[in-house]
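# Summary of structural features
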Amino acid sequence: MSEKFKILIVEDEMLIGANISLQLNELGYEVTGIIPRGEEALQHIDENTPDIILLDINLKGELDGIETALEMQKKHNIPIIYLTANTDEAHFNRAKETKPYGFISKPFKKLDLQRTIELTINQLDSKIRNNTDTEAQNNSSFILSDCIFVRHLNSMVKVDIKDILYIEAERNYCRIFSNSKEYLVVMSLKEMDEKLPAKHFLRTHRSYIINLSQIKEIAATHVVIGNKALPVTKAQREELLKRIQAI
């Protein structure tokens, strides 16, 4: 894998979570965290968005796993794989409403974990390829001087440039983070960088483009936008400081 898939573990039994993390690292995945509570997981996802979430259905706390998934899906579209020791019909039917990519019953073997994640990644790759073909035919996005139109569900949605916080590369596409929502665009970060107005945006890292007007803080190696620290290369930091002085 040229870029490691990022996986978040949401599991309130920390020994189980640690064991899963060890197995995932051995399989070549990056674990973004082991979170015991749904409320904490939602905050973590906002700050460090994973590619896949391994989510225990029977979490302790205010939110169980299914409720956590429902809250997460209001803002994010991240594949869920449920971990469960309880496979009764009621839990299964509730969980189905969140359209998970899989279920892993506890106790499970490393091979169960490996195969379920690989199947999920294959489904994601298929969706990306299909979306690429469809969106390319439909002109998935176009950019004006003060806004960008992106395809969302079955329509083109206007996103004001002033509301865009930053744009992150995710393999074959970009994720636009605005003040209120996220949008997935079938376009490379390089293409996006070439189309966006240079007056407002700067590519500070191979994986990020930032909106200069949204910067809250500039540090030696990163900038803060919203609640997220975004990396800045040494060369781009010099360009950033020039641009900020020119504003």
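These notes cover the structure that comes with them. (Residues numbered from 1 in each chain as written. Predicted model: local features only at pLDDT ≥ 70, side-chain atom pairs only at ≥ 80, totals over all residues. Heavy atoms only, no water.)

### Examining the overall build of the chain
Worth spelling out the cut-off: By definition, any uninterrupted DSSP run of H or I lasting at least four residues is a helix, any uninterrupted run of E lasting at least two residues is a strand, and each is numbered from the N terminus. Any two residues whose heavy atoms approach within 4.5 Å at even a single point are treated as in contact. Per-residue and other accessible areas follow the Shrake-Rupley method at a 1.4 Å probe size, with only the shown protein chains counted as cover for residues.
For the chain, the helix and strand inventory stands at 7 helices and 16 strands. In the chain, the share of contacts with a sequence separation of at least 24, taken over all contacts with a separation of at least 6, comes to 52%. When the accessible area of the chain is evaluated, it comes to approximately 13300 Å², of which 49% is carbon and sulfur surface.

### Notes on unusual backbone geometry
Note the threshold: In this scheme, a residue with accessible area under 20% of its type's maximum is buried, one over 50% is exposed, and one in between is partly exposed, where area comes from a 1.4 Å probe on protein chains only.
Residue Lys106 is joined to Pro107 through a cis peptide bond whose omega torsion reads -10°. Tracing the backbone shows Pro107 in the loop between β5 (102-105) and α5 (110-137). The backbone phi angle of Lys99 is positive, close to 55°, even though this residue is not glycine. Residue placement: Lys99 occurs in the loop between α4 (89-96) and β5. With relative accessibility at 64%, the residue Lys99 sits in the exposed group.

### Observations regarding the packing of aromatic side chains
Put simply, the test is: Here the aromatic set is Phe, Tyr and Trp, taking the six-membered ring for Trp, and pairing holds for ring centres within 6.5 Å; pairs whose planes are under 30 degrees apart are stacked, those over 60 apart are edge-to-face, and all others are tilted.
For the structure shown, the criterion picks out 4 aromatic pairs. An angle of 40° between the planes, with centres 5.2 Å apart, marks the rings of Phe92 and Phe103 as tilted. With Phe92 in helix α4 and Phe103 in strand β5, this residue pair connects regions lying 11 residues apart in the sequence. Given a relative accessible area of 31%, Phe103 falls into the partly exposed group. Grouped by ring-pair contacts, the aromatic residues Tyr82, Phe92 and Phe103 constitute a single cluster.

### A word on the sheet that holds strand β12 (residues 201-205)
Hydrogen bonds along the backbone pair up the strands of a sheet, which may run parallel or antiparallel. Which entries qualify depends on this criterion: Paired strands, as defined in this entry, are two strands with at least two bridges between them according to DSSP. Axes here refer to lines fitted to C-alpha atoms; in helices the fit is confined to the stretch in contact. Angles between the N-to-C directions go from 0 to 180 degrees.
On the basis of which strands lie adjacent, the open sheet formed by 5 strands has the order β11-β10-β9-β13-β12 and antiparallel pairing. Each of the sheet's edge strands pairs with one partner strand only, and the pair in question is β11 (182-185) and β12. Strand-to-strand twist in this sheet, taken as the mean axis angle between neighbours without regard to direction, amounts to 20°. When strand β10 (residues 173-178) meets β11, the two strands line up antiparallel, connected through 4 bridges. Within β11, the residue paired with Phe177 across the bridge is Glu182.

### Structural notes on helix α3 (residues 65-72)
We apply this condition: Along the arc lie the directions from the helix axis toward the C-beta atoms. Counted as a polar contact is a pair of N or O atoms within 3.5 Å, where, for protein atoms, one must be capable of donating a hydrogen and the other of accepting one, and residues adjacent in sequence contribute only when both atoms are in side chains.
Listed as buried for α3 are Gly65, Ile66, Thr68, Ala69 and Met72. Buried residues of α3, seen end-on, are gathered within an arc of 160° and therefore sit on one face of the element. In this structure, the buried side of α3 is in contact with α2 (38-47), β3 (52-56), β4 (80-84) and α4. Where α3 begins, the capping side chain belongs to Asp64, and its oxygen is found 3.1 Å from the backbone nitrogen of Ile66.

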